[in-house]
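Here is how the chains run, residue by residue.
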Amino acid sequence: MQSEIDTYLSEGHATFGISMLANSTENWEPATLKLIWSGFQVNIYKPGCAQIVEKFSEDLSIKIPCGISTQFDIRISDGYSYSFSTDTDVRKHDTIVLTMRKFQSKVLESARKKTIIGIHNQAIHG
């Protein structure tokens, strides 16, 4: 699994087939999760459903519901949460969650470095 995640990180993108909870009645819809360096996108295969596009930020959280090994929830910057499932594939679930967390970590680390460099440059040239 680690080599798969490392490949996604080195390529800068990953795509996974998942299911998304369409409403609170346990109605799961097929979807595609696309990860890229700047964020992620979810395409739902249901007429009339909007696409979800979000940038990785400190406000984004990826949670695993207690006792449910194939589901994960993503809370985006506006506070709204979405629930996803890998059906019965625990390995795929773990790969997605770990890959998303790595992508987010890299984006936040890069932003912190840019901030530190900017502060340093202002101190020198300021």
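Residues numbered from 1 in each chain as written. Predicted model: local features only at pLDDT ≥ 70, side-chain atom pairs only at ≥ 80, totals over all residues. Heavy atoms only, no water.

Draft legend 1. Focus on the pattern of salt bridges. Here the structure, examined in full by the defined rule, presents one salt bridge. Note that R91 and E4 form a salt bridge whose closest N and O atoms lie 2.9 Å from each other. Residue R91 is found in helix α2 (residues 90-125), and its partner E4 is found in helix α1 (residues 2-11); the two are separated by 87 residues along the sequence. (Salt bridge = Lys/Arg side-chain N within 4 Å of Asp/Glu carboxyl O. Helix = DSSP H or I, 4+ residues; strand = E, 2+ residues; numbered from the N terminus.)

Draft legend 2. Fine view of the sheet that holds strand β7 (residues 81-85). Spatial ordering of the open sheet is given by β4-β3-β2-β1-β7-β6-β5, a layout of seven strands whose pairing is antiparallel. The open sheet terminates on both sides in strands that have one partner only, identified here as β4 (52-55) and β5 (61-63). Each adjacent strand pair in this sheet contributes to an overall mean axis angle of 30°, direction not counted. One ladder, built from two bridges, connects strand β1 (residues 13-21) with β7; its direction is antiparallel. Across the sheet, the residue bridging to S19 is S85, located in β7. (Pairing = 2+ DSSP bridges. Axes fitted to C-alpha atoms, helices over the stretch in contact; angles between N-to-C directions.)

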